[in-house]
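Results of the structural survey
Below are the chains, spelled out letter by letter.
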Amino acid sequence: MKFDLEHTSQRETYNLLIGLVAPRPIALVTSMNEQGHLNAAPFSAYNYLCTDPPVVGIGVTNRPSSTFVPKDTARNIRRTGEFVVNVVTEDIAQRMNICATDFPAETNEIEMANFTTVPSDVVKVPRIAEAHAALECREFTTMEIGRSRIILGRVVSIYVEDKFIDPAGPYIRAEELHAIGRMNGLGSYVRTRDAFLTMPRISYDEWQKGKR
Ligand SMILES: Cc1cc2nc3c(=O)[nH]c(=O)nc-3n(C[C@H](O)[C@H](O)[C@H](O)COP(=O)(O)O)c2cc1C
């Protein structure tokens, strides 16, 4: 099938793109409003975009409405300029999903999901204690594009539980971290446990010598 996106509804476009740009890492973003009220929500329109400077990007769609209603995460980041990306692994997947529930505004998703928080090192927004790794970020810029906001955050500090660091690199012991990825909008995810495929890059020298 072919889909001309000029004649495809927003919902269909969403379904197609999130099923094809997959698997996606999941950022469980903690952010705070001006009164210090803490918020947590997952976003899979997420990746690192460059490392010099270290920048991550998150796509946040506005809430469906005839008016312009940003999600709490996007509003908080615009107003207070800071957030933390908590890395989502298999052991906290169910609780991450609870944070995506549309609770009434006064409900604290972090408590509902039975998460606790610990202070971050550089930013005011705390990280989730149960996450094994977290990126502390300061808003670099927010682009408003149609019904969405693309938030670029400069990573200012990284926390990784010691057992997941190979000090030689330092490298992340990704085979042991068990991060999960999102596959589509139907609640499908992938595990990374026992799923690794090792494929080093081929140098031009090796290529010329016929090593494939
Ligand atoms: C795994 C997962 C990934 C999600 N990714 C996104 C995303 O990339 N962009 C988005 O706008 N909403 C995404 N959502 C929906 C938000 O998490 C949801 O709208 C949440 O209630 C927003 O909370 P907030 O208003 O506290 O920011 C995702 C939900 C789940 C479960």
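Parameters and conventions
Here the residue index of a chain counts from 1 through its sequence in written order. Only residues with pLDDT of at least 70 get local features here, since the model is predicted, and only at 80 or more are side-chain atom pairs given and counted; chain-wide, interface and lining totals rely on the full set of residues. Side-chain measures here rest on the full set of heavy atoms in the structure, leaving out hydrogens and waters. The helix count covers DSSP runs of H or I at least four residues long, the strand count covers runs of E at least two residues long, and both are numbered beginning at the N terminus. Only C-alpha atoms enter the radius of gyration, while the globule expectation follows 2.2 Å times N to the 0.38, with N the number of residues. Relative accessible area decides the class of each residue, using a 1.4 Å probe on protein chains only: under 20% of the type maximum gives buried, over 50% gives exposed, and in between gives partly exposed. The criterion used for residue contact is that any of the two residues' heavy atoms lie within 4.5 Å. Being near a molecule or strand, for a residue, comes down to having at least one heavy atom within 4 Å of it. Pairing of N or O atoms within 3.5 Å defines a polar contact, subject to two protein rules: one partner must be a possible hydrogen donor and the other a possible acceptor, and residues neighboring in sequence count only if both atoms are side-chain atoms. Only the protein chains shown count as cover for residues, with accessible areas throughout obtained via the Shrake-Rupley method and a probe of 1.4 Å. Lys, Arg, Asp and Glu make up the charged group, whereas Ala, Val, Leu, Ile, Met, Phe, Trp, Tyr, Cys and Pro make up the nonpolar group; the residues left over, Gly among them, are polar. Pairing between strands is defined by DSSP: at least two bridges between the two strands are required. As used in this record, nonpolar core signifies buried Ala, Val, Leu, Ile, Met, Phe, Trp, Tyr and Cys residues forming a set joined through side-chain atoms within 4.5 Å. What counts as an axis is a line fitted to C-alpha atoms, over the stretch in contact for a helix, and the angles between N-to-C directions run from 0 to 180 degrees.

1. Topic: the overall build of the chain
Check the secondary structure of the chain and you find 6 helices and 14 strands. In summary, the chain has a C-alpha radius of gyration of 19 Å against a globular reference of 17 Å for 212 residues, a match within 12%. Looking at the 212 residues of the chain, the share that counts as buried comes to 36%. Of all intrachain contacts in the chain linking residues separated by at least 6 positions in sequence, the fraction that spans at least 24 positions is 57%.

2. A closer look at the site of the ligand
Around the ligand lies a shell of 20 residues, among which Asn39, Pro42, Ala45, Arg63 and Thr73 are the nearest. Proline 42 is positioned such that a nitrogen or oxygen atom in its backbone is 2.7 Å from an oxygen atom of the ligand. At 2.9 Å, a side-chain N or O of lysine 71 approaches an oxygen atom of the ligand. In the complex, 90% of the free accessible area of the ligand, which totals 650 Å², lies under the protein chains. If you list the elements that add at least two residues to the shell around the ligand, you get strand E3 (38-43), strand E5 (54-61), helix H2 (72-80) and helix H3 (93-98). Per-element tally for the shell around the ligand: the top contributor is E3, with 4 residues. Partitioned by chemical class, the residues of the shell around the ligand number 8 nonpolar, 6 polar and 6 charged.

3. Some words on the pairing of strand E9 (residues 133-145)
Relative to E9, strand E6 (residues 82-87) runs antiparallel, the two being bridged by 5 bridges. Bridge pairing links valine 84 to glutamate 136 in E9. The pairing of E9 with strand E10 (residues 148-160) spans 12 bridges and is antiparallel. Opposite alanine 133, over in E10, you have valine 160 as the bridge partner. Counting the residues that bridge the hairpin from E9 to E10 gives 2 residues, and of these glycine 146 lies at a positive phi of roughly 55°.

4. Considering the nonpolar core
Within the largest apolar cluster, 20 residues are counted, with the highest numbers of intra-cluster contacts made by Leu28, Val88 and Phe115. Looking at this core, the elements with two or more residues in it are strand E2 (27-32), E3 and H3. Those residues in contact with valine 88 that lie beyond four places of it in its chain are Ile26, Leu28, Ala93, Met96, Ala179 and Ile180. Within the second largest apolar cluster, 16 residues are counted, among which are Ile77, Phe83, Cys137 and Ile151.

5. Re the sheet that holds strand E14 (residues 189-191)
Pairing is antiparallel in the open sheet, where 3 strands are placed in the order E1-E13-E14. The outermost strands of the open sheet, each flanked by one partner alone, are strand E1 (24-25) and E14. With 2 bridges connecting them, E1 and strand E13 (residues 180-182) associate as antiparallel partners. Each bridged residue has a counterpart across the sheet, and for arginine 24 the counterpart in E13 is arginine 182.

6. Here we look at the sheet that holds E10
Within the open sheet, the 7 strands sit side by side as E3-E2-E6-E9-E10-E5-E4. Their pairing is antiparallel. In this open sheet, the two edge strands, each paired with only one partner strand, are E3 and strand E4 (46-51). Strand-to-strand twist in this sheet, taken as the mean axis angle between neighbours without regard to direction, amounts to 35°. Summarising the sheet, E4 and E5 pair through 5 bridges and their orientation is antiparallel. Its bridge partner lying in E5, tyrosine 48 is registered against valine 56. Sheet strands in contact with H2 are E2, E3, E5, E6, E9 and E10, and its direction is about 50° off that of E2.

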